[in-house]
Amino acid sequence: MVHISFSILIFFVIIIFNTINDSSVVGMIFKVASYTYGPLLGLYAFGLFQKSRHVNDKLVPVLCLLSPLFTYLINENSKLLFSGYVFDNELIVINGLITYLGLYLTSSRSSEKISF
């Protein structure tokens, strides 16, 4: 029943988007995804490339909430900060970098050797 219900819901969402047929809707979806998936990208990259660092677990949720906030502030002031440049799809990269840098600055070097 849940599967059928979600299938019907998705069908109606597709019908609504088809009637709107506006490219700005797709752009808005990508913009929202930039704010929500940026911290996930930063967490993944940090775990992949910084195996020798120990993360402060209590600060991770705070960093993942502050990162989209800083990304929003950068995006809103980008014309002033970057001589008229306006961000679009690269917001996800900026958001991920802010998360990565926050994790790096709040982590400490691990004394144990990790090998995979």
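This text goes with the structure placed above it.
Residues numbered from 1 in each chain as written. Predicted model: local features only at pLDDT ≥ 70, side-chain atom pairs only at ≥ 80, totals over all residues. Heavy atoms only, no water.

A. Broad picture of the overall build of the protein chain. Scanning the protein chain from terminus to terminus reveals five helices and two strands. Along the protein chain, from the amino end to the carboxyl end, the secondary structure elements read α-α-β-α-α-α-β. Compactness check: the protein chain gives a C-alpha radius of gyration of 19 Å against a globular reference of 13 Å for 116 residues, more than 25% above the reference. When the backbone C-alpha atoms are referred to their principal axes, the protein chain occupies close to 60 × 50 × 25 Å. Buried residues in the protein chain amount to 24% of all 116 residues. When contacts within the protein chain are restricted to residue pairs at least 6 apart in sequence, long-range pairs at least 24 apart make up 77% of them. Carbon and sulfur atoms make up 70% of the accessible area of the protein chain, which totals about 8800 Å². Between the centroid of the 7 positive side chains of the protein chain and the centroid of its 6 negative side chains there is a distance of 13 Å. (Helix = DSSP H or I, 4+ residues; strand = E, 2+ residues; numbered from the N terminus. Rg over C-alpha atoms; globule rule 2.2 N^0.38 Å. Buried < 20%, exposed > 50% of the residue type's maximum accessible area, 1.4 Å probe, protein only. Contact = heavy atoms within 4.5 Å. Areas by Shrake-Rupley, 256 points an atom, 1.4 Å probe, with all protein chains shown as cover. Lys, Arg positive; Asp, Glu negative; His and termini not counted. Charge placed at Lys NZ, Arg CZ, Asp CG, Glu CD.)

B. Spatial organisation of the packing of helix H3 (residues 60-76) against helix H5 (residues 91-106). Contact pair H3 / H5: the axes reach a minimum separation of 9 Å and the direction vectors enclose 135°. Considering their axes alone, H3 and H5 lie oblique with respect to each other. Read as a crossing pair, H3 and H5 show a hand that is right-handed. Every residue of H5 that contacts H3 at Val 60, Leu 63, Cys 64, Ser 67, Pro 68, Phe 70, Thr 71, Ile 74 and Asn 75 is listed here: Leu 91, Ile 94, Asn 95, Ile 98, Thr 99, Gly 102, Leu 103 and Thr 106. The residue makeup of the contact of H3 with H5, split by class, is ten nonpolar, seven polar and no charged. (Axes fitted to C-alpha atoms, helices over the stretch in contact; angles between N-to-C directions. Parallel < 35°, antiparallel > 145°, perpendicular 65-115°, else oblique. Left-handed = near helix turned anticlockwise from the far one by under 90°. Nonpolar A, V, L, I, M, F, W, Y, C, P; charged D, E, K, R; others polar.)

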